[in-house]
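Chain and residue survey
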Amino acid sequence: MVCTNMKKRIVSIVLVLVMALGLMSSASAELDTQNPIKIGFEGWCSGVDAYFGIVAQKVMEDYIEQVNENGGWLGRKVELITMDYSKDFSECVNATNKLIQMGCVAIVGPDGDPFAPPIAPLLEQAKVPAIGNGIVTPQSTLKEDGVTVTPYLFRTSPLATDGCEALARYIYNELGARTVATLTEKTNVQSVYMTEAFEKTFEELGGKVVAREGYELLASEFRAQLTNIMMADPEYLFMPAAAHKEVGNAAKQLAQLGNETIKWLGYDCWVFPELLDNAGPELEGSLIFTAADIESEMFDDVRALYESKHSDLNMSLHIWAIYALDALKVIENAILTTGSTDGEVLRDAIENTRDLPVTTGIFTNNPATHAPSGVVWNLMEIKGSAFVDTGIRIQ
């Protein structure tokens, strides 16, 4: 009897301890839900090109609102903290430091190549992964040796340098082009690297770059450069501008100079309705490569929600905002599949992401470049002041 009573007492004590631990665990879980999972976003959110960052911010906020309505991540609410670095390229360092200090477990951004190299060491030191939504050249996620990938900086935006090479091959092989000119923003490494990729591929095929002209950030006057280009008489003019305003101004000025033969070439950053409002007729017949058609029905749900909530902004939905949403979903997947917000754990999960459904399709990270794999480029043409998908795919 003594042994039996003793056993019953031990069992009772164990049950009490289990219940107590359960209550403590439950209490801890409730406390955790009071501390949101903080995700940072750093982008160009003010000034003349504010549409890049603001639209991306709103699209992510809309998605996070839906996430929180459905219980958040790991039972915790999700909070997006936005930092604007539009005043100066160096502001990205301050923005990154602030987001890290505020406890962000991951960051969406930056949205441009000039901002990537300065923040990579900060991310590595703090062990906070970031996924850029506008980093489009391979050099921007490599260390100084030009070979080693920066461990904590990724991207959902495709490598536009690959698109430049594909475009050069297409106009040479399929359209018979033999002469081109380039107009490059010399103060932007993104524009410089894209020009180099385009020129190198075209020349290796046997083509000739007859004119190389440049301009600086926020330039609005291009007549001197365009006069030189017209004298060289190229068949095509490639302008990998980081913002559509420069393209519109240059196109109108080339037309005013009397151009009737030179055709324009561009990429994703051209694809804004505002560009066609400004210079649609002058850009008639232009060819543009893009990894995704923003008018595609695959974006209808995002577009409908954005337009219903943010029509007052007078800013169109653009592909860089979609890439930001893709980045957020990659981070979400890393957190939910690992059950962790630890930076090293998330970094490893992001690097090994395979076949993940995102807004633009299926995302697989390439560990060698920290860029999406398997990108197929759409060739678009400006017709009747509209962006028209030609149905041609180039790789």
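As a starting point, this report considers the structure included with it. (Residues numbered from 1 in each chain as written. Predicted model: local features only at pLDDT ≥ 70, side-chain atom pairs only at ≥ 80, totals over all residues. Heavy atoms only, no water.)

**Topic: the nonpolar core**
Judged by nonpolar contacts, the single largest core of 122 residues is most densely connected at I39, I171, M239, W264, W270 and F289. Contact partners of F289, with chain neighbours within four places excluded, come to A160, G163, C164, L167, M194, F238, G266, Y267, D268, W377, N378 and I394. (Core = buried A, V, L, I, M, F, W, Y, C linked by side-chain atoms within 4.5 Å. Buried < 20%, exposed > 50% of the residue type's maximum accessible area, 1.4 Å probe, protein only. Contact = heavy atoms within 4.5 Å.)

**Details of helix α11 (residues 319-338)**
End to end, α11 covers 29 Å across 20 residues, agreeing with the expected 28 Å (1.5 Å per residue, within 8%). Judged by how many residues are buried, α11 sits mostly within the fold: 16 of 20 residues are covered. Phi turns positive, to about 65°, at G339, one or two residues after α11. (Helix = DSSP H or I, 4+ residues; strand = E, 2+ residues; numbered from the N terminus. Expected span 1.5 Å × (residues − 1).)

**Here we look at the environment of E260**
As for its placement among the helices and strands, E260 is situated in the loop between α8 (244-256) and β9 (263-267). For E260 and K208, which are 52 residues apart along the polypeptide, the C-alpha to C-alpha distance reads 20 Å.

**Some details on the sheet that holds strand β2 (residues 78-84)**
Read from one edge to the other, the open sheet built from 5 strands follows the order β2-β1-β3-β4-β5, with strand pairing classed as parallel. Strands at the two margins of the open sheet, each flanked by one partner only, are β2 and β5 (153-155). With direction set aside, neighbouring strand axes in the sheet form an average angle of 25°. As paired strands, strand β1 (residues 37-43) and β2 are joined by 7 bridges and run parallel to one another. Counted as the bridge partner of G40 is I81 from β2. Sheet contacts for α11: β1, β3 (106-108) and β4 (130-132); angle to β3, the most-contacted strand, approximately 165°. (Pairing = 2+ DSSP bridges. Axes fitted to C-alpha atoms, helices over the stretch in contact; angles between N-to-C directions.)

**Let's talk about the pairing of strand β15 (residues 377-383)**
Within β15, 6 of the 7 residues are buried, leaving the element largely enclosed by the surrounding structure. Two elements, strand β10 (residues 287-290) and β15, share 4 bridges in a ladder whose sense is antiparallel. Bridge pairing in β15 links F289 to L379.

**Looking at the side chain of E42**
The topology assignment puts E42 in strand β1. Despite being buried, E42 has no salt bridge partner; K98 is the closest side chain of opposite charge, sitting 11 Å away. In this view, E42 contacts M83, Y85, C92, A95, T96, L99, I107, V108, G109, P110, D111 and I119; residues no more than four positions away in its chain are not counted. (Lys, Arg positive; Asp, Glu negative; His and termini not counted. Salt bridge = Lys/Arg side-chain N within 4 Å of Asp/Glu carboxyl O.)

**So, the environment of T161**
When you line up the elements, T161 lands in helix α5 (residues 160-173). Classification of T161 by relative accessible area gives buried; the value is 5%. Taking C-alpha positions, T161 is 8.3 Å from T195, a pair spaced 34 residues apart along the chain. The contact partners of T161, leaving out residues within four places of it in the chain, are V136, T137, P138, Y193, M194 and A197.

**Thoughts on the pattern of salt bridges**
Overall, the coordinates contain 14 salt bridges when judged by the stated rule. Measuring nitrogen to oxygen at the nearest pair gives 3.0 Å for the salt bridge that ties E351 to R347. Of this pair, E351 and R347 are both found in helix α12 (residues 343-351), 4 residues apart, which corresponds to roughly one turn of the helix. For the pair shown, E351 and R347 are each scored as buried. Each of D62, E65 and K309 takes part in salt bridges that share partners, so that together they form one network.

**Re helix α4 (residues 116-126)**
In an α-helix, one turn spans 3.6 residues, which is why side chains three or four residues apart end up on the same side. Taken together, the buried positions of α4 are occupied by A116, I119, A120, L122 and L123. Elements that come into contact with the buried residues of α4 comprise β1, α3 (91-101), β3, β4 and β5. Once α4 finishes, K127 follows within two positions and takes phi at roughly 60°, a positive value.

**Details of unusual backbone geometry**
Backbone torsion omega between G109 and P110 reads 10°, so that peptide bond is classified as cis. In this model, L74 sits at a positive phi of 55°, which is unusual for a non-glycine residue.

**Overview of the packing of α5 against helix α6 (residues 189-205)**
At a minimum axis distance of 8 Å, the contact between α5 and α6 shows a crossing angle of 30°. Read as a crossing pair, α5 and α6 show a hand that is right-handed. In this structure, α5 contributes A160, T161, C164, E165, L167, A168, R169, I171, Y172 and N173 to the contact, and α6 contributes Y193, M194, A197, F198, T201, F202 and L205. For the contact of α5 with α6, the class distribution of residues is 12 nonpolar, 3 polar and 2 charged. (Left-handed = near helix turned anticlockwise from the far one by under 90°. Nonpolar A, V, L, I, M, F, W, Y, C, P; charged D, E, K, R; others polar.)

**Things to note about the side chain of D326**
On the secondary structure map, D326 appears in helix α11. We note that D326 is buried and unpaired, the nearest opposite charge coming from K329 at a distance of 5.7 Å. Among the polar contacts listed, one links the side chain of D326 to the side chain of T360, at a separation of 2.5 Å. If we skip the residues at most four places from it in the chain, D326 touches T156, V358, T359 and T360. (Polar contact = N/O pair within 3.5 Å; in protein donor to acceptor, adjacent residues only side chain to side chain.)

**What to know about the sheet that holds β10**
Pairing in this open sheet of 7 strands is mixed, and the strands run β7-β6-β8-β9-β10-β15-β16 from one edge to the other. Pairing within the sheet leaves two strands with one partner each, and these edge strands are β7 (208-215) and β16 (386-394). Strand-to-strand twist of the sheet, defined as the mean angle between neighbouring strand axes without regard to direction, takes the value 25°. Pairing of β15 with β16, which is carried by 7 bridges, proceeds in the antiparallel orientation. By the bridge assignment for β16, K383 is matched with A386.

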